[in-house]
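Architecture at a glance
The residues making up each chain are set out below.
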Amino acid sequence: MNRRHESPLSTMRYLCLTNTGAYLFASGSLTREQSDVVQWLLSQNNSPEYAAETLSFLPAGSHPENVENILRSLISRKAIVLSRQPESCPNAPMQKVLPQMLSALSDSGKAMLVDSRGLSIASVGIDAERVEALAALAAKLADSLYHGESDVFNLLDIEYGLTCLYDLQKKKIFTFLPLLLGPDRLVAVTEGRAVFSGDGFKNFVWLLWNRYSEI
């Protein structure tokens, strides 16, 4: 059989989201079609196997023959990878695993998750007296990033951006990452340098999507 005309996508078995893809999705940086694909991937408990039936996952109005083009665009942006091993969404209760996931997002092990009203959802390692103030600040900073239908990063042509507070003297940094995972915006705050290595951030977004996308 002539293999030269086979789709490159058919040579691998599973569609897996990357940390980059999770960031682009959560920051609202993907196109609508790309975002639809990532939403579907996040709605699965396990990485879907690439097969003919996979092409039917897009919502009504999208043409099945365009699915491979959308997948290719996500692959070119390193938002998804093709793997022979499936991945699974963390299945433990969110309250149980969230502190560990937050800790892994910072090189200091200190982080917190805040809702759009400035209320702390969870925190680890941050002094109790700082939690309330940081939560309020995080919500205000997230709101200030958006202007009309565009966020400030888009206006400045910044694709991968984090809002940071940095103390030059103490070499101390706080980072604030808005997460658009449903009708209620969340903000991840890290005390220390944010960490995006391994699968930590992707699994963090995967877990939160399954919790907050249905609100």
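The following paragraphs examine the structure supplied in this document. (Residues numbered from 1 in each chain as written. Predicted model: local features only at pLDDT ≥ 70, side-chain atom pairs only at ≥ 80, totals over all residues. Heavy atoms only, no water.)

1. Some thoughts on helix α2 (residues 32-42)
Within α2, 8 of the 11 residues are buried, which leaves it mostly tucked inside the rest of the structure. Where α2 is concerned, the buried positions are Q34, S35, D36, V37, V38, W40, L41 and L42. Buried-residue contacts for α2 involve β1 (14-17), α1 (19-26), α3 (67-76), β2 (80-83) and α7 (200-212). (Buried < 20%, exposed > 50% of the residue type's maximum accessible area, 1.4 Å probe, protein only. Helix = DSSP H or I, 4+ residues; strand = E, 2+ residues; numbered from the N terminus. Contact = heavy atoms within 4.5 Å.)

2. A short note on the packing of aromatic side chains
Enumeration over the complete set of coordinates arrives at 4 aromatic pairs. Judged by centre distance (5.3 Å) and plane angle (75°), the rings of F25 and W209 are edge-to-face. Note that F25 is positioned in helix α1 and W209 in helix α7, a separation of 184 residues in sequence. According to the relative accessible area criterion, W209 is buried, its value standing at 10%. Three or more aromatic residues joined by ring pairs make a cluster, and in this case those are Y23, F196, F201 and F204. Between the NZ or CZ atom of R211 and the centre of the ring of Y212, over which it lies, the distance is 4.8 Å. (Phe/Tyr/Trp six-rings, centres within 6.5 Å; stacked < 30°, edge-to-face > 60°. Lys NZ or Arg CZ within 6 Å of the ring centre and 35° of its normal.)

3. Some remarks on the pattern of salt bridges
Evaluation of the coordinates by the stated rule reveals 12 salt bridges. With a shortest N-O distance of 3.4 Å, E68 and R72 are connected by a salt bridge. Of this pair, E68 and R72 both sit in helix α3, 4 residues apart, roughly one helical turn. By relative accessible area, E68 is classed as partly exposed at 21%. Assessed through its relative accessible area of 35%, R72 is described here as partly exposed. (Salt bridge = Lys/Arg side-chain N within 4 Å of Asp/Glu carboxyl O.)

4. Structural notes on the nonpolar core
Residues L179, F201, F204 and L208 are the most contacted members of the largest nonpolar core, which totals 43 residues. At 8 residues, the largest contribution of residues to this core is made by α7. Aside from chain neighbours lying at most four places away, what touches F201 is N19, A22, Y23, L105, L177, L179 and F196. Grouped together as the second largest cluster of nonpolar side chains are 13 residues, M112, V131, A142 and V189 included. (Core = buried A, V, L, I, M, F, W, Y, C linked by side-chain atoms within 4.5 Å.)

5. Digging into the pairing of β1
Side chains of β1 alternate between two faces, with Y14 and C16 and L15 and L17 buried alike. Here 4 bridges tie β1 to β2, and the two strands are oriented antiparallel to one another. If you follow Y14 over to β2, its bridge partner there is S83. (Pairing = 2+ DSSP bridges.)

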